[in-house]
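Single-letter residue listing:
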Amino acid sequence: MAGLACLFAMATAGCSAGSGGTSDAAPAAPEQSNSSSSTSSADKGSGGASQTTSYEPYVSAEEASANDSSGSPTTYNLAFVISDGSSCTPKWNGTTAIDDPAVKSRIAKLTDSGASVRVSFGGASGKELASVCDSVSKLADAYGRALDAAGATLADFDVEGTQLSDSGSVALRSRAIAQLQKDRPDLRVSFTLPVMPSGLDADGLALLKSANKYDVQVSVVNIMTMNYGESYTADMGDYALTSAKATHTQLKEVFGLSDAAAWRGMALTSMLGVNDVANETFSLSDAAQVRTFAEEKEIAWVSMWSTFRDQQCEDGRAAQDDAATDCSGVKQSSGAFAEAFSG
């Protein structure tokens with residue numbers, strides 16, 4: 001049984017401490033959202049078709065943007081499912097029912113083109129369900145209800161801030177996801193984590209080790225290449241690549257992966273245009289740089305925060321247009337970042 005537990009179907013999952021095996025299993029590549037099959041490192045080495053990097057942006061689950069379809073995404077990350085604030089009840093942004101008819105209609109329109117959807121749990125605001133639900137079964141059920149409402153077999157867990165440093169909720173989440181995957185063998189899981197040019201911090205690494213401990217089958221580790229701090233005033237494209245390289249080394253160590261598998265088990269998400277930190281602006285040339293790098297390394301997917309920001313702020317509307325939510329804060333044509341990220 002220990003040997004079977006080590007044969008994870010996802011790129012970043014090696015043998016866990018809990019499975020009693022070693023960490024030198026040969027995991028397969030992460031999913032490609034527009035394909036029913038994946039290409040492993042061994043397949044590529046033996047002449048099989050190489051994997052391509054897909055474009056999978058974050059979108060609002062509740063409000064459509066004219067830029068949603070720019071770049072022809074293969075998957076949309078639906079932001080965000082969190083607690084209603086006080087109970088183990090999943091809601092979109094903590095306020096809208098997961099089975100809200102308007103949201104279901106929006107998801108149907110997003111998938112009309114053949115794209116899939118990934119439910120993203122957590123984010124920077126509100127209470128992630130793991131901090132409110134008081135048992136593994138209740139938490140797994142809450143996650144499952146949100147996935148069913150969206151018709152999704154892809155789940156993203158965006159863990160940051162105080163949620164990331166809360167070891168109790170980290171362990172509870174890992175156990176709940178593992179239970180969910182036992183009940184749903186086709187469920188593919190990604191973790192979205194903050195990063196610095198030096199790589200993931202101690203809390204991010206602890207989360208991945210917790211997932212490994214409880215036999216969570218991790219498909220992708222998606223790093224947020226943004227908001228490093230006021231002292232980081234150099235090129236944002238260069239910082240993104242430096243962060244990816246540092247994280248690549250960490251993923252190899254945590255999961256016992258080869259070079260190729262660690263790249264294929266990674267995704268990159270940038271905050272387009274003006275970031276939340278002074279002096280940090282991610283440009284269209286930075287997006288093109290990230291895309292080229294991702295293709296060279298065969299990174300699983302690239303993403304951005306977000307489609308509703310992929311447009312220029314209107315002239316003379318500085319007070320009305322918020323570059324953090326409504327527009328990029330840089331000169332651009334609508335959908336230009338999507339085009340750059342999709343290659």
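Scroll up to find the structure.
A few points on the structure. Nothing here was measured: the structure is a model prediction, and the numbers come from that model.

With respect to the state of the cysteines
Piece 1. In this structure the tally under the stated criterion is 2 disulfides.
Piece 2. Disulfide pairing places Cys 88 opposite Cys 133 at an S-S distance of 1.9 Å. Its S-S torsion of about 90° marks the bond between Cys 88 and Cys 133 as right-handed, since a negative value means left-handed. Of this pair, Cys 88 sits in the loop between β3 (75-83) and β4 (90-92) while Cys 133 is found in the loop between β6 (116-122) and α4 (136-150), placing the two residues 45 residues apart along the sequence.
Piece 3. On the basis of relative accessible area, Cys 133 is assigned to the buried category, the value being 5%.

Things to note about helix α8 (residues 236-255)
Piece 1. The first and last C-alpha atoms of α8 sit 28 Å apart over 20 residues, in line with the 28 Å expected at 1.5 Å per residue.
Piece 2. Counting buried positions over the 20 residues of α8 gives 14, a clear majority of the element.
Piece 3. With its phi angle positive at about 65°, Gly 256 sits one or two positions after the end of α8.

A word on the nonpolar core
Piece 1. By size, the foremost hydrophobic cluster in this structure holds 82 residues, and its most contacted members are Phe 121, Tyr 143, Phe 191 and Leu 208.
Piece 2. In terms of residue count, α4 provides more of this core than any other element does, 9 residues in total.
Piece 3. Sequence-distant contacts of Phe 121, that is, excluding residues within four places in its chain, are made with Val 81, Glu 128, Leu 129, Tyr 143, Ala 146, Leu 147, Ala 155, Asp 156, Phe 157 and Asp 158.

A word on the side chain of Thr 307
Piece 1. On the secondary structure map, Thr 307 appears in the loop between β13 (301-305) and α11 (336-342).
Piece 2. When neighbours within four sequence positions are excluded, Thr 307 is seen to be in contact with Pro 57, Tyr 58, Val 59, Ser 65, Asn 67 and Asp 68.

Concerning the environment of Met 266
Piece 1. Here Met 266 shows up in strand β10 (residues 266-271).
Piece 2. The exposure class of Met 266 is buried, given its relative accessible area of 0%.
Piece 3. As a C-alpha pair, Met 266 and Ala 300 span 34 residues in sequence and 5.8 Å in three-dimensional space.
Piece 4. The residues touching Met 266, leaving out its near neighbours within four places in the chain, are Val 220, Val 221, Ile 223, Ala 244, Thr 247, His 248, Leu 251, Ile 299, Ala 300 and Trp 301.

Focus: the pattern of salt bridges
Piece 1. Inspection of every chain in the model, using the stated rule, returns 9 salt bridges.
Piece 2. Close ionic contact of Arg 173 with Glu 128 constitutes a salt bridge, the shortest N to O distance being 3.3 Å. Here Glu 128 lies in the loop between β6 and α4 and Arg 173 lies in helix α6 (residues 167-183), a separation of 45 residues in the sequence. Accessibility classification places Arg 173 together with Glu 128 in one group, the buried group.

Focus on the pairing of strand β8 (residues 188-194)
Piece 1. Among the 7 residues of β8, 5 are classified as buried, and the element is accordingly described as predominantly covered.
Piece 2. Inspection of the sheet shows strand β7 (residues 154-158) paired to β8 by 5 bridges, in the parallel sense. Following the sheet pairing, Asp 156 is matched in β8 by Ser 190.
Piece 3. The handedness of the β8 to strand β9 (residues 218-225) crossover, carried by helix α7 (residues 202-213), is right-handed.

Section: the packing of α4 against α6
Piece 1. Relative to each other, α4 and α6 sit at 60°, their axes nearing to 8 Å. In terms of orientation, α4 and α6 fall into the oblique class. As α4 packs across α6, the resulting crossing turns out to be right-handed. In this structure, α4 uses Val 136, Leu 139, Ala 140, Tyr 143, Gly 144 and Leu 147 to contact α6, whose residues at the interface are Leu 172, Arg 173, Arg 175, Ala 176, Ile 177, Gln 179 and Leu 180.
Piece 2. Classifying every residue of the contact of α4 with α6 by side-chain character gives 9 nonpolar, 2 polar and 2 charged.

Overview of the environment of Leu 78
Piece 1. Within the fold, Leu 78 resides in strand β3.
Piece 2. Separated by 39 residues in the primary sequence, Leu 78 and Val 117 have C-alpha atoms spaced 6.8 Å apart.

What counts and what doesn't
- Residues numbered from 1 in each chain as written.
- Predicted model: local features only at pLDDT ≥ 70, side-chain atom pairs only at ≥ 80, totals over all residues.
- Heavy atoms only, no water.
- Disulfide = S-S within 2.5 Å.
- Helix = DSSP H or I, 4+ residues; strand = E, 2+ residues; numbered from the N terminus.
- Buried < 20%, exposed > 50% of the residue type's maximum accessible area, 1.4 Å probe, protein only.
- Expected span 1.5 Å × (residues − 1).
- Core = buried A, V, L, I, M, F, W, Y, C linked by side-chain atoms within 4.5 Å.
- Contact = heavy atoms within 4.5 Å.
- Salt bridge = Lys/Arg side-chain N within 4 Å of Asp/Glu carboxyl O.
- Pairing = 2+ DSSP bridges.
- Right-handed = clockwise from strand over helix to strand, strands pointing away.
- Axes fitted to C-alpha atoms, helices over the stretch in contact; angles between N-to-C directions.
- Parallel < 35°, antiparallel > 145°, perpendicular 65-115°, else oblique.
- Left-handed = near helix turned anticlockwise from the far one by under 90°.
- Nonpolar A, V, L, I, M, F, W, Y, C, P; charged D, E, K, R; others polar.

Purely geometric numbers; function is a separate question.
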